[in-house]
Amino acid sequence: GVQGRHSAYVHSLLSETTLNMNGNRSYGTPYTVAPNGSVLVNSSFADGTTGVRQIGFGGSASLGTSNSGATVGGVNQLSWFSKNNKHRVKLASELRQDFYTQDQTTNALGSFYFTSLGELQANRPASFTRALQPRVQTGSETVGALSFGDSWRRSSSLQVQYGVRFDANRFAQTPAYNQAIEQAFGVRNDNVPNRVYLSPRVGFSWTYGQASQISAFEGAFRAPRAVVRGGIGVFQNTPGSSQLGTAIDNTGLPGAVQQLTCVGAATPVPQWDLYAANPASIPTQCADGTSGTVFASTVPNATLFASDYNERQSVRGNLQWNGPVLHNRFNLTVDGTYGVNLHQTSFVDLNFAPSMKFALASEGSRPVFVSPGSIVPATGVIASRDARVDQQFNRVTQLRSDLQGTSSQLRVSLFPMNFSSKLTWSASYVLASNREQTRGFTSTGGNPLDVEWTRAAFDSRHQLSYSLGYNFFDAVRVNWFGRFASGNAYTPQIAGDVNGDGYSNDRAFVFNPDAPGIDPVVSTAMRSLLATGSASAKDCLRNQLGDIAERNSCQGPWTSSANLGFSFNPSKVRLPQRATLSFSVSNPLGAADRLLHGEDNLHGWGQFAFADPTLLYVRGFDPAAQRYRYEVNSRFGSTNPQFNQFRAPITLTAQLRLDVGPSRERQVLTQQLDRGRRTQGTRTPEPQLKAMYGSGGVLNPMSQILRQSDTLSLTGPQADSLATMNRAYTIRLDSIWAPVAKYFAALPVEYDQGDAYGRYKAAREASVDLLIALAPRIDAVLSSEQKRKLPSLVASHLDVRYLKGIRSGTAGNSGGGVFMGGGDFVSFGGGGGGGGDRVVIIRH
């Protein structure tokens with residue numbers, strides 16, 4: 001990618017423009033060019049339990065894909081400032097063109113599914129599916145935005161921001177129109193979500209009172225007692241450029257993607273050696289003599305957008321309070337947020353016929369939408385053509401945006417106010433609740449057309465984040481960032497389709513092992529699971545015995561994650577001050593798990609906890625009794641990391657940073673001394689040079705404390721002691737910098753820049769050494785309560801470690817940087833010719 005930025009004043013307007021262009025490409029290649037195979041495997045373990053897993057082999061159904069994209073765009077913001085400084089009016093405009101080319105052909109060589117190792121050994125697959133045509137496409141989208149807003153400073157304590165934003169998009173392509181879809185379902189398949197969206201927003205910031213903390217430097221304002229912020233607005237998504245891809249590929253027309261589905265007797269017998277030698281021999285049709293049955297299908301899928309489809313939108317408001325508490329010991333932030341999520345996406349299969357053919361009496365009268373003759377007795381695999389409205393199509397997926405959701409969150413954050421170069425920490429707690437509407441095509445216990453409110457799958461109710469930092473021997477700073485989170489919700493599921501809607505979306509029936517008429521195999525397995533399963537899984541199942549499980553009714557265990565960092569003081573490890581050496585370890589908990597327990601006995605430290613949601617596996621169907629034969633997964637709810645395909649990696653990163661240009665102080669000094677000598681301008685006279693450099697570029701904490709003695713409630717002896725030290729300090733400073741200023745003022749046109757900077761550096765080091773000697777005495781004069789009223793900028797100049805770090809300068813923030821509570825990295829220090837301290841705050 002490449003980006004350019006430009007800013008300029010155009011008459012009375014500040015114009016800021018950014019132009020960018022970027023491109024990307026990603027692709028995957030399967031290890032083996034062969035059909036994909038999967039088999040349901042039942043294993044017995046030494047502890048007496050059993051486990052059921054679907055194991056893959058052969059080729060990959062999804063890896064042979066690729067996509068590339070490019071974006072060209074620009075953003076401009078015009079700002080107008082009122083003469084009374086009450087308003088800043090902004091007009092922002094954005095225009096972007098997104099391009100993409102993708103090959104999303106999946107299952108190009110087909111997939112065979114076996115219900116057991118015995119069936120695999122006998123070469124009797126239960127089903128075979130294959131995509132018969134590639135999915136290759138190119139497209140583009142134009143996205144534009146226009147926003148107008150104003151920051152109105154109503155008073156010194158109240159500021160209001162308000163504005164409105166317009167977003168618009170237009171796709172360059174349209175799906176090919178299929179008249180047969182409109183005739184069969186009364187909808188057009190060539191609708192494209194080109195829209196203009198309106199997003200108004202308003203917010204405020206109100207400060208009240210004065211904090212007990214003094215101001216950081218002369219002329220600085222006193223911090224407020226607290227700040228209250230809030231606002232409400234509409235937050236709008238815009239569609240991605242490739243969002244039309246599925247609808248363009250799946251039009252149901254002869255030239256679109258075609259799908260082969262073979263079930264039961266219609267499944268061809270695999271010839272693996274032949275396929276390996278000649279991929280062209282992979283079947284493109286079902287077994288001979290089955291093309292006219294419900295178990296063989298070559299009809300296409302179709303995907304389309306509803307005519308009123310809109311992108312996701314959220315109406316969200318928040319209110320925040322921030323300020324010091326407990327006599328300025330801590331900084332507390334309390335933030336509440338509530339949002340209503342509109343136009344949430346879902347889909348409906350228009351070709352699904354919700355006509356119940358029979359009910360499963362053993363599963364609470366669960367409806368089944370195909371006749372018993374469409375279910376293969378030996379495997380329980382369903383041919384879903386029996387539940388289709390129109391037999392010339394398979395799935396006709398209509399994308400809709402008519403669902404809603406709600407989200408609420410309360411966040412409390414705390415960190416200490418006192419400055420410390422040794423120990424720092426921060427902590428925050430989040431209480432969240434997320435609910436959403438869903439359709440049964442995602443998860444159903446009955447009719448997949450039904451809509452219900454449930455807990456969201458990503459709803460982690462409790463989250464605790466913390467950070468700890470410690471400076472060991474002023475040589476190495478160790479920082480630990482950690483997070484604890486309660487488990488996400490999950491749904492007890494059936495592996496496979498049992499209601500005949502054509503989707504693996506059925507929620508499991510929780511069999512009561514003591515109920516009459518239950519399959520003895522299922523009864524025994526359920527009784528064992530309820531006795532030996534995880535605590536959370538057992539509680540979830542016991543609460544639903546004899547019922548179809550509710551969506552997201554179970555919850556996974558708490559998880560923890562962390563990152564560890566080490567940074568070294570360059571002066572203690574014999575590095576130049578302008579060099580910074582650091583190491584970081586991602587997932588140190590996972591590293592400890594491997595070291596302590598070994599690869600084969602992991603406890604899951606630092607890993608994502610993916611609870612196994614599958615409760616039941618289909619093993620067959622009894623058409624006479626109209627009931628399925630199930631196998632219970634005894635590891636339901638298990639989060640054993642041994643069963644996870646993907647784990648959080650453990651990485652060690654070493655970084656050496658070196659500032660290679662002239663130091664910041666040297667650049668400022670050279671610019672100052674070159675004026676009137678090597679560059680245009682007037683030479684700076686000696687009195688002004690002495691005023692600029694007389695402090696050594698370091699804040700004088702004593703003058704700040706004495707200037708605000710009333711706020712600090714200094715006693716007479718305290719004030720006298722500080723005034724005496726300050727007088728001696730300023731006299732010594734004058735003796736150090738007076739000859740330096742005289743030397744600078746007398747420099748000729750051609751002068752030695754290195755020698756000039758050397759004199760400055762020696763004087764700065766002597767100045768900081770004075771403060772290093774005085775800092776413990778100043779600190780001893782003040783009480784604990786008075787020190788809590790010092791802002792970090794002042795308190796840091798009473799810390800010997802910090803002063804040693806900035807003794808020779810602040811180039812690269814080496815040594816001068818300290819990690820502050822609350823996640824900020826703050827560096828202090830003045831430029832040699834800056835005439836005062838600078839503060840740089842980088843907010844994480």
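Preceding this section is the structure that the text describes.
Now for a description of the structure that goes with this document. Along each chain, residue indices are assigned from 1 in the same order as the chain's sequence is written. The predicted nature of this model means local features are confined to residues of pLDDT at least 70 and side-chain atom pairs, given and counted, to a pLDDT of 80 or more, with totals for whole chains, interfaces and linings taken over all residues. Side-chain descriptors were evaluated using all non-hydrogen atoms of the structure, hydrogens and water having been removed beforehand.

Digging into the sheet that holds strand E30 (residues 614-622)
Item 1. Strand order in this open sheet of three strands is E26-E30-E31, and the pairing throughout is mixed. Across the chains shown, the open sheet's two edge strands, defined by having one partner strand only, are strand E26 (493-495) and strand E31 (627-632). With direction set aside, neighbouring strand axes in the sheet form an average angle of 45°.
Item 2. Pairing of E30 with E31 involves six bridges; the strand directions are antiparallel. Across the sheet, Leu616 pairs through a bridge with Val632, a residue of E31.
Item 3. Packed on one face of the sheet, helix H5 (residues 520-532) meets E30 and E31 and runs near 35° to E31. Strand pairing is assigned whenever DSSP detects at least two bridges linking the two strands. Helix and strand definitions here come from DSSP, where helices need a minimum of 4 consecutive H or I residues and strands a minimum of 2 consecutive E residues; each element is numbered from the N-terminal end. Interaxial angle, 0 to 180 degrees, is taken between N-to-C directions of lines fitted to C-alpha atoms, where a helix line uses only the stretch in contact. Whether two residues are in contact is decided by their heavy atoms: any pair within 4.5 Å suffices.

Thoughts on the side chain of Asp167
Item 1. Counting through the fold element by element, Asp167 comes out in strand E10 (residues 158-171).
Item 2. Judged by relative accessible area, which is 5%, Asp167 ranks as buried.
Item 3. For the purposes of these results, a polar contact is taken to be a pair of N or O atoms within 3.5 Å, where, inside protein, one atom must be able to donate a hydrogen and its partner to accept one; residues adjacent in sequence count only when each atom of the pair is a side-chain atom. Engagement of the side chain of Asp167 in a polar contact is seen with the side chain of Arg165, the distance being 3.0 Å.
Item 4. Residues contacting Asp167, with those up to four places away along its chain left out, are Gly144, Ala145, Arg195, Val196, Tyr197, Ser199 and Thr238. Relative accessible area decides the class of each residue, using a 1.4 Å probe on protein chains only: under 20% of the type maximum gives buried, over 50% gives exposed, and in between gives partly exposed.

Some points on helix H8 (residues 664-674)
Item 1. Considered for burial, the residues of H8 that qualify are Glu665, Leu669, Thr670, Gln672, Leu673 and Asp674.
Item 2. Just downstream of H8 lies Gly676, where phi reads positive at about 85°.

Quick look at the packing of H8 against helix H13 (residues 753-781)
Item 1. Where H8 contacts H13, the two axes come as close as 10 Å, and the packing angle between them is 120°. Viewed along their axes, H8 and H13 form a crossing whose handedness is right-handed. Taking contact as the criterion, the partners of Glu665, Arg666, Leu669, Thr670, Leu673 and Asp674 in H8 are, on H13, Gln753, Gly754, Ala756, Tyr757 and Tyr760.
Item 2. A per-class count over the contact of H8 with H13 returns five nonpolar, three polar and three charged. Helix crossings fall into two classes, left-handed where the near helix is turned counterclockwise from the far one by less than a right angle and right-handed where it is turned clockwise. For this classification, the nonpolar set comprises Ala, Val, Leu, Ile, Met, Phe, Trp, Tyr, Cys and Pro, the charged set comprises Asp, Glu, Lys and Arg, and every other residue, Gly included, is treated as polar.

Thoughts on the side chain of Thr18
Item 1. With respect to the helices and strands, the residue Thr18 is situated in strand E2 (residues 13-27).
Item 2. If sequence neighbours within four positions are ignored, Thr18 has contacts with Gln3, Gly4, Arg5, Gly73, Gly74 and Val75.

Remarks on the sheet that holds strand E4 (residues 50-58)
Item 1. Strand order in the open sheet formed by six strands is E4-E3-E7-E8-E13-E14, with mixed pairing between adjacent strands. Edge strands, defined here as strands with exactly one partner in the open sheet, are E4 and strand E14 (296-297).
Item 2. As judged from the nine bridges shared by strand E3 (residues 36-44) and E4, these two strands associate in the antiparallel manner. If you follow Ser43 over to E4, its bridge partner there is Gly51.

What about unusual backbone geometry?
For residues besides glycine, phi is generally negative; the peptide bonds are generally trans as well.
Item 1. Despite not being glycine, His327 shows a phi value in the positive range, around 55°.
Item 2. By the secondary structure assignment, His327 is in the loop between strand E16 (313-325) and strand E17 (330-349).
Item 3. Residue Ser713 is not a glycine yet carries a positive backbone phi of 55°.
Item 4. Topologically, Ser713 is positioned in the loop between helix H11 (709-712) and helix H12 (716-745).
Item 5. Overall, the relative accessible area of 49% leaves Ser713 in the partly exposed class.

Quick notes on the pattern of salt bridges
Side chains that differ in sign of charge can pair as their charged atoms come close.
Item 1. In what follows, salt bridge is the name for a side-chain nitrogen of Lys or Arg lying within 4 Å of a carboxyl oxygen of Asp or Glu. Enumeration over the complete set of coordinates arrives at 29 salt bridges.
Item 2. Across the salt bridge formed by Asp167 and Arg165, the nearest N and O atoms sit 3.0 Å from each other.
Item 3. For Arg165, a relative accessible area of 27% gives the class partly exposed.
Item 4. Note that Arg188 is salt-bridged to Asp190, the shortest N-O span being 2.9 Å.
Item 5. Look at Asp190 and you get buried, because its relative accessible area is 18%.
Item 6. One salt-bridge network, held together by shared partners, links Glu94, Arg96, Asp98, Arg165 and Asp167.

A few points about the packing of H5 against helix H6 (residues 535-542)
Item 1. In contact at an axis separation of 8 Å, H5 and H6 are set at 130° when each is read in the N-to-C sense. The orientation of H5 relative to H6 falls into the category oblique. Of the residues in H6, those in contact with Leu529, Leu530, Ala531 and Thr532 of H5 are Lys538, Leu541 and Arg542.
Item 2. Looking at the contact of H5 with H6 residue by residue, the class counts come to four nonpolar, one polar and two charged. Working rule for angles: under 35 degrees goes down as roughly parallel, over 145 as roughly antiparallel, 65 to 115 as roughly perpendicular, anything else as oblique.

Concerning the state of the cysteines
Item 1. Counting rule for disulfides: a pair of cysteine sulfur atoms within 2.5 Å. Applying the stated criterion across every chain, the model contains two disulfides.
Item 2. In this model Cys262 forms its disulfide with Cys286; the gap between the sulfur atoms is 2.0 Å. Between Cys262 and Cys286 the sulfur-sulfur dihedral comes to about -90°; the bridge is accordingly left-handed. Here the residue Cys262 occupies a position in strand E13 (residues 259-263), and Cys286 occupies one in the loop between helix H4 (272-277) and E14, the gap between them amounting to 24 residues.
Item 3. For Cys262, a relative accessible area of 0% translates into the label buried.
Item 4. Judged by relative accessible area, which is 11%, Cys286 ranks as buried.
Item 5. A sulfur-sulfur separation of 1.9 Å characterises the disulfide bridge that pairs Cys540 with Cys554. Since a negative S-S torsion denotes a left-handed disulfide, the Cys540-Cys554 link at about -70° is left-handed. Here the residue Cys540 occupies a position in helix H6, and Cys554 occupies one in strand E27 (residues 554-555), the gap between them amounting to 14 residues.
Item 6. Residue Cys540 is classed as buried on the basis of its relative accessible area of 5%.
Item 7. Residue Cys554 is classed as buried on the basis of its relative accessible area, which comes to 1%.
Item 8. Here the disulfide map of the protein reads 1-2, 3-4, the bonded cysteines being numbered as they appear in the sequence.

Describing the pairing of strand E7 (residues 111-114)
Item 1. On E7, burial covers both faces: Ser111 and Tyr113 on one face and Phe112 and Phe114 on the other are all buried.
Item 2. The pairing of E3 with E7 spans four bridges and is classified as parallel. The residue of E7 that forms the bridge with Gly37 is Phe112.
Item 3. Bridge count between E7 and strand E8 (residues 127-131): three bridges; the pairing is antiparallel. Bridged to Ser111 within E8 is Thr129.

Concerning the packing of aromatic side chains
Item 1. Each aromatic pair joins two rings of Phe, Tyr and Trp (for Trp, the six-membered one) with centres within 6.5 Å, and gets the label stacked for planes under 30 degrees apart, edge-to-face for over 60, and tilted for any other angle. Tallied over the full model, the rule gives 33 aromatic pairs.
Item 2. Ring geometry for Phe185 and Phe393: centres 6.2 Å apart, planes at 55°, overall tilted. In this pair, Phe185 sits in helix H2 (residues 179-185) while Phe393 sits in the loop between strand E19 (366-368) and strand E20 (396-416), placing the two residues 208 residues apart along the sequence. Summarising the burial analysis for this pair, Phe185 and Phe393 share the class buried.
Item 3. On the numbers, 6.2 Å between centres and 75° between planes, the contact of Tyr693 with Tyr760 is edge-to-face. Of this pair, Tyr693 sits in helix H9 (residues 686-693) while Tyr760 sits in helix H13; the two residues are 67 residues apart in sequence, bridging distant segments of the chain.

Focus: the nonpolar core
Item 1. To define a nonpolar core, start from buried Ala, Val, Leu, Ile, Met, Phe, Trp, Tyr and Cys residues and group those joined through side-chain atoms within 4.5 Å. Counting 48 residues, the largest nonpolar core has Phe511, Met526, Leu615, Leu616, Tyr628, Tyr630 and Phe636 as the members making the most contacts within it.
Item 2. Counting residues per element, the ones that place at least two in this core are H2, strand E15 (302-305), strand E18 (358-360), H5, H6, E30 and E31.
Item 3. Once residues lying within four places of it in the same chain are set aside, the contact partners of Phe511 are Ser362, Glu363, Ile518, Val522, Met526, Leu545, Leu616 and Tyr630.
Item 4. Judged by nonpolar contacts, the second largest core, of 47 residues, contains Ile736, Val740, Val794 and Ala795.

Here's the deal with a nonpolar patch on the surface
Item 1. Think of a patch as exposed residues, more than 30% relative accessible area, with no salt bridge, where like charges cluster within 9 Å and nonpolar side chains (Val, Leu, Ile, Met, Phe, Trp, Tyr) cluster within 5 Å. Only the protein chains shown count as cover for residues, and all accessible areas are computed by the Shrake-Rupley method using a 1.4 Å probe. A cluster of nonpolar side chains, Leu91, Leu146, Phe148, Phe166, Val196 and Leu198, forms an exposed patch at the surface whose accessible area comes to about 560 Å².
Item 2. For the nonpolar patch, the secondary-structure elements that each account for two or more residues are strand E9 (136-153) and strand E11 (196-210).
Item 3. Inspection of the secondary structure puts Phe166 in strand E10.

Nothing here speaks to function; it is all geometry.
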